[in-house]
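Chain by chain, the residues run as shown.
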Amino acid sequence: MRLMYPALLILLVKVSLVVLEDLEQCVPGFSEQRYAFTVPRKILERGRAVGKVTFTSCSVNNRALYSPEDTRFRVFPDGKVAVKRQITLHDGAVSFVLNAWDAKGTRHSVPIILWNEREQQAQSSDGNKDIEKTSLLLRRKKRAYVLPPVYITENERGPYPKRFFQVKSNVDSTGKVFYRISGTGADSDPIGVFTVDSTGWLWVTKPLDREYIAKYNIKVSAISESGQTLEDPVEIVINISDQNDNKPVFTQARYDGGVKEDALPGTSVVKVLATDEDDTEFTSNGIIQYSITDQTPKEPNDIFRIDPKTGLISVVKLGLSYKKINNYVLTVSAADMEGVGLRTTCSVAISVLPAEGDQDMSGGSDSLLSTHVLNTAQGIPAKGLTITLSKLDARQTKWVQVSRSITNEDGRCPGLLRGEPLAAGTFQLRFDTKDYWKQLQQDSFYPCGGVVFTILDPKQKYHVPLLLTPFSYTTYRGS
Ligand SMILES: [Ca+2]
Ligand SMILES: [Ca+2]
């Protein structure tokens, strides 16, 4: 037994050397530049296998990790492509990019196209003789060739130029055939992104940017030596597949909002907005989700929530107190890929305002008509804004001024009625907004804002607040 060990050892060393040599010569990648699978029906139910890809990962066991960019598909370790969620082929075809990683961690991407067999037959039944074999199926529909779209991933690594598709003319047999391409990216701006060589191969000359141009339509013509066009041009649609190369960007670095301390759960406070230039149609690279990642002060926590899809921040529960904490700063994050991708943050300042009817702030609880102006652009009460109260005269023809006052530190006007009894009728509050913004060195779109309202019962309380930014104002009936 002892003698057998060295022999076994030598054998093992030999075998592993062979494996290593094989791996050193191994070229990772997919077996095809693209895969086209046909399926017998329009609706692909969950679990259906549609085809198989072959990928060499160059790892010892040649296992690969696949990640389809369309999450309705899954790809098993053996390369089998199956439907994960039911799909309807509305246009007769669907395509997506499949990524796989080799043993060195390099990503390889390949386009996969699924065709509905019936649609294909219907389209090709009118001219079998013209069917040409390219690297994909080329079919003739009426006078123009219909080619399945070609996919190129943006930001693809060089070296450039890279060839990606071949067309062949079927009148090739007699003399020499030249090819010419036209369209955006070929002979019109941006010129020279794509070229064609004498064998009909199309080349891409530089990395592409989907956010610049997402789709190219190139026409390929076959030309004889004497310069004659030999047949109808072939149109090739080149779709640029997205990579997640853009972070979400907030429209403002900082947002401000205000909320009353007695605001009920569900009250909206402020809405943030971020945009992402990446694709939202075929991938989630541009689909943003919002979350609150930090709050100052930390306690009480969970007072605010953000709608992950809309960015609307609202009050979740009671517990705000103007006297205890009158300002919160939230850190809000926007992350693409539906919340798991690239992340950006912004800060949101929220002012807590005293509740209505708070004696200290309202300028007297006996006042039946009150107003309150809030600068919602900065989340602060609007101080020093001139307000004129007028009443429509008995003949309903002109406005008669009742009083004129200026808002105090809290954005309120305690002297609005100057002790006069409130009478039924139609009133107007005029807010001199231009002068207010001017003192803050800001331009305003509205020189003034007028709110006209009817008082039916003079014994009731009427509160007419104004929420103001340089470009908008809103009002509502408070109490
Ligand atoms: Ca993105
Ligand atoms: Ca992109």
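Just so it is clear, the structure is predicted and the values come from calculations on it, not from any experiment.

Thresholds applied
Residues numbered from 1 in each chain as written. Chains lettered and ligands numbered in written order. Predicted model: local features only at pLDDT ≥ 70, side-chain atom pairs only at ≥ 80, totals over all residues. Pairing = 2+ DSSP bridges. Helix = DSSP H or I, 4+ residues; strand = E, 2+ residues; numbered from the N terminus. Buried ≥ 20, exposed ≤ 12 C-beta atoms within 10 Å, placed from the backbone. Core = buried A, V, L, I, M, F, W, Y, C linked by C-beta atoms within 7 Å. Contact = placed C-beta atoms within 7 Å. Axes fitted to C-alpha atoms, helices over the stretch in contact; angles between N-to-C directions.

Caption draft 1: Inspection of the pairing of strand 34 (residues 399-406) at higher detail. One ladder, built from 7 bridges, connects strand 33 (residues 386-392) with strand 34; its direction is antiparallel. Within strand 34, the position partnered with isoleucine 387 by the bridge is serine 405. In sequence, strand 33 turns back onto strand 34 through a hairpin of 6 residues, with glutamine 396 there showing a positive phi of about 60°.

Caption draft 2: Summary view of the environment of lysine 176. Mapped onto the elements, lysine 176 comes out in the loop between strand 16 (162-166) and strand 17 (177-182). Judged by C-beta crowding, with 9 C-beta atoms within 10 Å, lysine 176 ranks as exposed. As for lysine 176 and glutamate 225, which are separated by 49 residues in sequence, their C-alpha atoms are 6.1 Å apart.

Caption draft 3: Summary view of the nonpolar core. Ranked by internal contacts, the top residues of the largest apolar core, which has 44 residues, are Val53, Leu98, Ile218 and Val220. With sequence-adjacent residues up to four places away left out, valine 220 is seen in contact with Val167, Tyr179, Ile181, Val196, Pro233, Val234 and Ile236. Listed in part, the 25 residues of the second largest apolar core include Phe250, Ile288, Ile313 and Val332.

Caption draft 4: Structural view of the environment of lysine 391. In this structure, lysine 391 sits in strand 33. C-alpha separation for the pair lysine 391 and glycine 425, spaced 34 residues apart in sequence, amounts to 7.2 Å.

Caption draft 5: Region of interest: the sheet that holds strand 18 (residues 194-196). Spatially, the 3 strands line up as an open sheet ordered 16-19-18, and their pairing is antiparallel. Two strands bound the open sheet, and with one partner strand each, they are strand 16 and strand 18. With direction set aside, neighbouring strand axes in the sheet form an average angle of 30°. Here strand 18 pairs with strand 19 (residues 201-204) via 3 bridges, running antiparallel. Bridge pairing in strand 19 places phenylalanine 194 opposite valine 204.

Caption draft 6: Up close: the sheet that holds strand 29 (residues 327-335). The strand order across the open sheet built from 4 strands is 23-30-29-26, with neighbouring strands paired in mixed fashion. Each edge of the open sheet is held by one strand with a lone partner, namely strand 23 (254-260) and strand 26 (289-296). Each adjacent strand pair in this sheet contributes to an overall mean axis angle of 30°, direction not counted. The pairing of strand 26 with strand 29 spans 7 bridges and is antiparallel. Bridged to glutamine 289 within strand 29 is alanine 335.

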